[in-house]
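Listed below are the residues making up each chain.
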Amino acid sequence: MKLNPTRDQLVKMYIDSLQQDQIPWRKAWSAEELQNPISKTTYHGVNKMLLWWISDLRGLKDPRFATFNQIQDLKQTLHPGQKWHLKEGSHGIPIELWKIRKKDTKELIDFDEYAKIVRADPDQKKNYVLWCYTYRVFSFEDIEGVPALVMKQSKTVPIPLLQEFCEEVNENMGVKVEHSGNIAFYSPSSHSITLPPFATFDTAEDYYATR
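Described in the following lines is the structure provided in the data block. All figures in this text were calculated on a predicted structure; none of them were measured in a lab.

A word on the overall build of the protein chain. Counting secondary structure elements, the protein chain contains 6 helices and 11 strands. For the protein chain, whose C-alpha radius of gyration is 22 Å, the value lies well above the compact-globule estimate of 17 Å for 211 residues. Per-residue burial over the protein chain gives 32% buried out of 211 residues. For the protein chain, contacts bridging at least 24 residues in sequence account for 68% of all contacts bridging at least 6. Computed over 27 positive and 28 negative side-chain charges, the inter-centroid distance for the protein chain is 8 Å.

For the rest of this paragraph, the subject is the sheet that holds strand S3 (residues 65-67). Within a sheet, each strand pairs with its neighbour through backbone hydrogen bonds, oriented either parallel or antiparallel. Across the sheet, 4 strands lie side by side as S3-S7-S5-S6; this open sheet has antiparallel pairing. Each edge of the sheet is formed by a strand with only one pairing partner; in this case those strands are S3 and strand S6 (108-109). Along the sheet face, helix H2 (residues 45-58) touches S3, strand S5 (93-102) and strand S7 (128-139) and points at about 170° away from the line of S5.

Moving on: the pattern of salt bridges. Taken as a whole and judged by the stated rule, the model has 2 salt bridges. Taking the shortest distance from any N to any O, the salt bridge between Lys12 and Asp8 comes out at 3.3 Å. One end of the pair, Lys12, and the other, Asp8, are both in helix H1 (residues 5-19), 4 residues apart, so they sit about a helical turn from each other. Residue class for Lys12 comes out partly exposed when judged on its relative accessible area of 48%. Of the charged contacts, one joins Asp62 and Arg64 as a salt bridge, the two residues approaching to 2.8 Å between their closest N and O atoms. Neither residue differs from the other here; Asp62 and Arg64 are each classed as buried.

Now for the side chain of Asp62. You can see Asp62 is positioned in the loop between H2 and S3. Polar side-chain contacts of Asp62 include one of 2.8 Å to the side chain of Arg64. With residues near it in sequence (within four places) discarded, Asp62 still touches Ser139, Phe140, Glu141 and Leu149.

Ordered by their spatial adjacency, 3 strands build an open sheet running S9-S11-S10, and the pairing between neighbours is mixed. The strands lining the two open edges of the sheet, one partner per strand, are strand S9 (176-179) and strand S10 (185-187). Direction aside, the axes of adjacent strands within the sheet are offset by 25° on average. In this structure, S10 lies alongside strand S11 (residues 192-195), joined through 3 bridges in antiparallel fashion. Looking across to S11, one finds that Ser187 is bridged to Ser192.

Definitions and limits used
Residues numbered from 1 in each chain as written. Predicted model: local features only at pLDDT ≥ 70, side-chain atom pairs only at ≥ 80, totals over all residues. Heavy atoms only, no water. Helix = DSSP H or I, 4+ residues; strand = E, 2+ residues; numbered from the N terminus. Rg over C-alpha atoms; globule rule 2.2 N^0.38 Å. Buried < 20%, exposed > 50% of the residue type's maximum accessible area, 1.4 Å probe, protein only. Contact = heavy atoms within 4.5 Å. Lys, Arg positive; Asp, Glu negative; His and termini not counted. Charge placed at Lys NZ, Arg CZ, Asp CG, Glu CD. Pairing = 2+ DSSP bridges. Axes fitted to C-alpha atoms, helices over the stretch in contact; angles between N-to-C directions. Salt bridge = Lys/Arg side-chain N within 4 Å of Asp/Glu carboxyl O. Polar contact = N/O pair within 3.5 Å; in protein donor to acceptor, adjacent residues only side chain to side chain.

These results come straight from atomic positions and should not be treated as a statement about function.
Below, the structure written as structure tokens:
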């Protein structure tokens, strides 16, 4: 079966990781949701997985992405007064978009509109097919002239019992815990654990599990 560019790249990355004995792992912290602030799209599913993975490999901290046309903004309607420029040598990431296509007119509609049509006339189902096409997005870190990222306020709330448990375990093992940066690791030389700040974790449970 032929895969679209998004899934094809994801499959290749998984195979490469397995061959290198590096099983992919979803880190449990992030500054913001992966998103396209121009279209107000928050990425989910396969798109989110691929964007997160490539961001991690490239060391990207900015969760924002935009298409080439959005960056160019030839009509100056998307980010008026701002001139964005894609840095030379930047590589886009393939994103998939699913729509419903009418067979005769090739018209593309979203799922909500399709649901309304089918509810009104169930026989219309035979006139439509599921359709997927791909396009590329670029990280805001590869774009000059974009506004600085404004971090959202954390909603992660500590859990006293788990906090007490972790502190007791760390104290008994003599392991220091420091919070900084964007990676989680244990250092044998200093016998210490480094974690990203608590507020950057998706949930309190994710923080304590990682710790």
